[in-house]
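Observations on the three-dimensional arrangement
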Amino acid sequence: MNSKRNSFYLPALFLMLFFVSISYSQTSTAKTENRGKLFEETTTDSDYLIAIEKAGEVLESAGHDIDFEGSTFHLFGEIKRTESKLDLILASLKGANPNVRNQQMYRIVLKEIEQELNEQNDAINSRNQNLEKIKNRIIDLQKDKTLFTLIKDTIRKKQFKTELANLKKTYLRTDSLMTKNQGILNDKKRLTVEHKIAVSNALSTVETKLEKSGISILKKEYPSLWSTDSTAKKEATQTIKSKIIIEENVAAYYLSYKSGALITLCFFLGLLAWYISRNLKYLKTNGYAENLSLFNFKYLNRGVILPVVTIGLNIATVSNLYAPALFLELLQLALLAVLIVLFKKDWSGVSMRNWLLLSGLFFALCFLDLFIGVGLLQRCSFIIINILGIRYGLVQIKSLKDQLYIKAFFKWASIIFIGLNGLSILYNLFGRVSLSNMLTLTAFISLTQIVALSVLLKIILEIILLQIYTTRIKRGIEKIFDYESLSDTLKRPFIIVISYMWLVVIASNLNIWESLRDSLASLLSRPNTIGSITFTLGNIVLFFIIVWIAHLLQKYVAYFFGEIEDENEENINKRQHSKLLITRLIVLIVGYLLAVAASGMPLDKLSILLGALGVGVGLGLQNVVNNFVSGIILIFDKPIQIGDVIDISSESGRVKSMGLRTTKINAPNGAEIIIPNGNLLSQNITNWTYTDNFKLVDISIEISGDATPEDINATILTALESLPLVNNTRTPQIYYNSISDNKFKLQIKFWCSIYRTEETISTAKQVLFSNFKAKGFIFST
């Protein structure tokens, strides 16, 4: 009403001013003639032109500001899309099966629509406020005395007739546009309010249905199974075809709604498939692909597509907890189909038949849940499936356990499977049909999901082992490493993630995940105060989680460089080890910085903590800090590197690993010597491999017989050239310590790998002995 009043007021104001000037014309003329020169008007034509120009600029800028920009049309498009989304949800609510999955999805989408409507309503209000400001700018024109004096003066007005006519056109055009746009905004606001009311009603309906399907023994939805079920007869009139159409529309909407996330997932899965294919191709090209069977590979050695699809379906299942029932159950069925193909060659006939039976029962269960209305047929069918499920859990499920990679969780999965099927029968008999159906679906999903997650874990470990083996082959290390112990080490953190994924899927199917998450979030976000320090449990938990992840990453990052502790010492890439140490240091520093930031600790409190830490360093942590700083210096200064052979004090050996606090050295007798980094920097170190991995060794020999030095030299050089362990790029040196008739004492010096010194010397003595003996000389050392 206010906007309409303003739109009528402004043109009326100008028309009144234009026409009232006629009534004042003669009076104004008479007064002008009789007025003395003292009171003669001093306003000039230039002043009038400036006033007209100023008013025109105000009207022009107002017309420009009133016109809708691109953001406003974008807002109208969002309102249209929100309306289409809401219409689809409201139509689906009337005909779809009242299963928990669909209701959860409806609730999530309706809350998002409600948020969108609030934002759109705020945007419309903001634009209405802008129009009010523009109106006030036009109304303020009446304060311009020069302009209104001109309008009242008939003679002067004729002089500026053209300018005033143009000003009037601009005003009428601006007023018309304002009236039009004000009406459009009012219509959009009315539509938004109607949508908000519809969303509120729909949310109330969904919450009621979810409450009915909640875990409660006392609430009764339908008559007992042995009673007359009139509701079921009424619902049975709905055809399967109509339900299929509704479920398809809901699933199609959700697919478009989540299209961005799904496309991103497919993109990363494509990168993963390319990465795996590249490693497999490299191994196949170089003749090492058959060695994958030595690592107990079950999936990657038979192709890339199915393992990557398995990973994607597992991720999609966990990341779409509130998707519609048809979408999620199709994901589950697709996952079961992929697993059938993967298991076909490895599983025994009995295990495969039992897995096919479980898949068939799950398919029947999905069909009944989606497309058959609640009635005698559906309820009896569910009871039959529950009975078969209990028998399956007691008898046939054992054949699957032996085929899985992780068997520890299968016991709990079996207990949950049997227990939920038993409860489902009980609730179904006494009329708690929604809860019964939910428990049955949860039972089958919990069992099939643990099998799928077991396969997922095996595939992830195979990807990591493939990366390690490919990297080692590229470095020339063909040795098959101990993959079993390495797999046991790698799978521990992944088991935690797998367990979390499994529990989330079960909780979401039972419709308790959201309440559990909210309760946990409330507990973790509640502020706690100790003295002057305020903190939350969530910040503390997040701090330790980030620190734990940082330590895991710095520990496992070596595996992606192909580094394991039993590698061949001669093929160590020292530069790569240096990069690895720097990477570990960066991971730890970034991890701790993120952990401190995530803890939410104020800087002033952090300074107090650092001050206390400084006192601790002064009292008893000097050695710890000294070793830590020394470790950083060793990383960047590189006086020693992993693989170097060193002598320090009375100890000698090969550097096995370097950490931020200590360095491990393998002694020749097999002992592992752990030396603090501070000691390494404070003592003299003899690094035999600082420049290269070769060592100059010598052999003292005696030759007896009728020979000349030239013959002896030729025999020695020929023998050494035939030894692959000798570095023949550097010419061996032969020194004669004594020469007498038919007797020579010599010292032979040559270069060989420091890691195989004893082996090289032994081999050289054998070859020299054989060569001199073949020429009839007596050889001794």
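Predicted model, so just to flag it, every value in this text is computed and none were measured. (Residues numbered from 1 in each chain as written. Predicted model: local features only at pLDDT ≥ 70, side-chain atom pairs only at ≥ 80, totals over all residues. Heavy atoms only, no water.)

Along the protein chain, the regular secondary structure elements total 27 helices and 11 strands. Contacts spanning at least 24 positions in sequence make up 77% of the contacts within the protein chain whose residues lie at least 6 apart. (Helix = DSSP H or I, 4+ residues; strand = E, 2+ residues; numbered from the N terminus. Contact = heavy atoms within 4.5 Å.)

Counted by the stated rule, this structure contains 10 salt bridges. One salt bridge in this structure joins R756 and E759, with 3.0 Å as the shortest N-O distance. For E759, a relative accessible area of 40% translates into the label partly exposed. (Salt bridge = Lys/Arg side-chain N within 4 Å of Asp/Glu carboxyl O. Buried < 20%, exposed > 50% of the residue type's maximum accessible area, 1.4 Å probe, protein only.)

What follows covers the environment of N677. Topologically, N677 is positioned in helix α25 (residues 677-682). For N677, a relative accessible area of 0% puts it in the buried group. Taking the C-alpha atoms as reference points, N677 and S630, 47 residues apart in sequence, are found 5.5 Å from one another. Beyond its immediate sequence surroundings of up to four residues, N677 is in contact with N627, S630, G631, L634, G659, L660, R661, T662 and T663. At a separation of 2.7 Å, a polar atom in the side chain of N677 contacts the side chain of T663. (Polar contact = N/O pair within 3.5 Å; in protein donor to acceptor, adjacent residues only side chain to side chain.)

Moving on to the sheet that holds strand β4 (residues 651-658). Taken in spatial order, the five strands line up as β6-β5-β4-β3-β7 in an open sheet, and their pairing is antiparallel. Of all the strands in the sheet, the pair left with one neighbour each is β6 (672-676) and β7 (685-687). Averaged over all pairs of adjacent strands, the angle between strand axes in this sheet comes to 40 degrees, irrespective of strand direction. Taken together, the four bridges between strand β3 (residues 645-648) and β4 define a ladder with antiparallel strand orientation. Note on β4: the bridge partner recorded for I648 is E651. (Pairing = 2+ DSSP bridges. Axes fitted to C-alpha atoms, helices over the stretch in contact; angles between N-to-C directions.)

At a minimum axis separation of 10 Å, helix α12 (residues 305-319) and helix α13 (residues 325-343) run at an interaxial angle of 155 degrees. It follows that α12 is roughly antiparallel to α13 by the angle criterion. Note that α12 runs across α13; the crossing there is left-handed. Of α13, the residues touching α12 (which contributes L306, V309, T310, L313, N314, A316 and T317) are L328, L331, Q332, A334, L335, V338, L339, V341 and L342. Of the residues in the contact of α12 with α13, the class split is 12 nonpolar, four polar and no charged. (Parallel < 35°, antiparallel > 145°, perpendicular 65-115°, else oblique. Left-handed = near helix turned anticlockwise from the far one by under 90°. Nonpolar A, V, L, I, M, F, W, Y, C, P; charged D, E, K, R; others polar.)

Another point: the nonpolar core. Counting residues in each nonpolar core, the largest one holds 107 residues, and the members touching the most others are L339, F343 and W355. It is helix α18 (residues 433-474) that contributes the most residues to this core, 24 residues altogether. When sequence neighbours within four positions are dropped, the list of residues in contact with L339 reads T310, W355, V451, A452 and V455. Of all hydrophobic cores here, the second largest spans 27 residues; its members include Y48, I124, L147 and L167. (Core = buried A, V, L, I, M, F, W, Y, C linked by side-chain atoms within 4.5 Å.)

Across the two faces of β6 the burial differs, with I673 and I675 buried and E672, I674 and P676 not buried at all. Strand direction decides the pairing type here: strand β5 (residues 662-666) and β6, joined by five bridges, are antiparallel. Considered in β6, the bridge of I665 is made with I673. Between β5 and β6, which pair antiparallel in sequence order, lie five residues; one of them, G670, sits at a positive phi of approximately 95 degrees.

What follows concerns the side chain of T192. With respect to the helices and strands, the residue T192 is situated in helix α8 (residues 161-212). Taking the relative accessible area as the measure of exposure, T192 reaches 0% and is therefore buried. The residues touching T192, leaving out its near neighbours within four places in the chain, are I79, L117, N121 and I124.

Next up on the list: the packing of aromatic side chains. Tallied over the full model, the rule gives 18 aromatic pairs. An angle of 90 degrees between the planes, with centres 6.3 Å apart, marks the rings of F73 and F76 as edge-to-face. One end of the pair is F73 and the other is F76, both in helix α4 (residues 70-95) and three residues apart, which spans about a single turn. Taking relative accessible area as the criterion, F76 reaches 12% and is therefore assigned buried. Chaining the aromatic ring pairs together yields one cluster made of F769, F772, F777 and F779. Lying over the aromatic face of Y282, K474 brings its terminal NZ or CZ to 5.2 Å of the ring centre. (Phe/Tyr/Trp six-rings, centres within 6.5 Å; stacked < 30°, edge-to-face > 60°. Lys NZ or Arg CZ within 6 Å of the ring centre and 35° of its normal.)

With that settled, consider helix α6 (residues 145-152). Along α6, the residues that are buried comprise L147, F148, L150 and I151. On an axial view of α6, the arc spanned by its buried residues comes to 155 degrees, and they lie on one face. (Arc of directions from axis to C-beta.)

Attention shifts here to the confidence of the model for the protein chain. Per-residue confidence for the protein chain averages 79 on the pLDDT scale, and 84% of its residues sit at or above 70. The model gives residues 1-40 a pLDDT under 50, and that stretch makes 30 contacts with residues more than four places away or in other chains. pLDDT under 50 marks residues 228-238. Its contacts with residues more than four places away, or in other chains, come to 13 contacts. (pLDDT = per-residue confidence, 0-100.)

A surface patch of nonpolar side chains, about 520 Å² in accessible area, is lined by I496, V541, I545, W548, I549 and L553. Here L553 shows up in helix α21 (residues 537-556). (Patch = residues over 30% accessible without salt bridge, like charges linked within 9 Å, V, L, I, M, F, W, Y side chains within 5 Å. Areas by Shrake-Rupley, 256 points an atom, 1.4 Å probe, with all protein chains shown as cover.)

Here we come to the sheet that holds strand β11 (residues 778-780). The pairing of strands in a sheet comes from backbone hydrogen bonds and takes either a parallel or an antiparallel form. Pairing is antiparallel in the open sheet, where four strands are placed in the order β9-β10-β8-β11. Of all the strands in the sheet, just β9 (733-740) and β11 have a single pairing partner and so form its edges. Across the sheet, the mean angle separating the axes of adjacent strands is 25 degrees when strand polarity is ignored. Across 11 bridges, strand β8 (residues 694-704) lies against strand β10 (residues 743-753) in antiparallel orientation. Within the sheet, the bridge partner assigned to S704 lies in β10 and is K743.

We now examine the packing of helix α15 (residues 376-396) against α18. Angle between the axes and distance between the axes are the two parameters that describe a pair of packed helices. Closest axis-to-axis distance for the α15/α18 pair is 11 Å, and the angle between their directions is 35 degrees. Where α15 crosses over α18, the two elements pack in a sense that is left-handed. Of the residues in α18, those touching α15 at Q378, R379, F382, I385, N386, G389 and Y392 are V433, N437, T440, F444 and L447. Here the residues of the contact of α15 with α18 are counted per class, giving six nonpolar, five polar and one charged.

Relative to β10, β9 runs antiparallel, the two sharing seven bridges. Within β10, the position partnered with I739 by the bridge is F744. In textbook terms, the turn of a hairpin is the stretch between consecutive antiparallel strands, and for β9 and β10 this stretch comprises two residues, one of which, N742, has a positive phi near 60 degrees.

Attention now goes to α12. In this model, α12 (15 residues) spans 21 Å end to end at C-alpha, consistent with the 21 Å of a helix rising 1.5 Å per residue. Within the sequence span of α12, burial applies to P307, V308, T310, I311, G312, L313, N314, A316, T317 and V318. Those residues of α12 hidden inside the fold are in contact with α11 (259-285), α13, α18 and α19 (483-509). (Expected span 1.5 Å × (residues − 1).)

Bringing the environment of E759 into the picture now. The topology assignment puts E759 in helix α27 (residues 757-774). Considering only alpha carbons, one finds E759 and L725, 34 residues apart in sequence, at a separation of 8.6 Å.

Right, let's get into unusual backbone geometry. One non-glycine residue, N296, lies in positive phi territory at about 60 degrees. Assignment of secondary structure puts N296 in the loop between α11 and α12.

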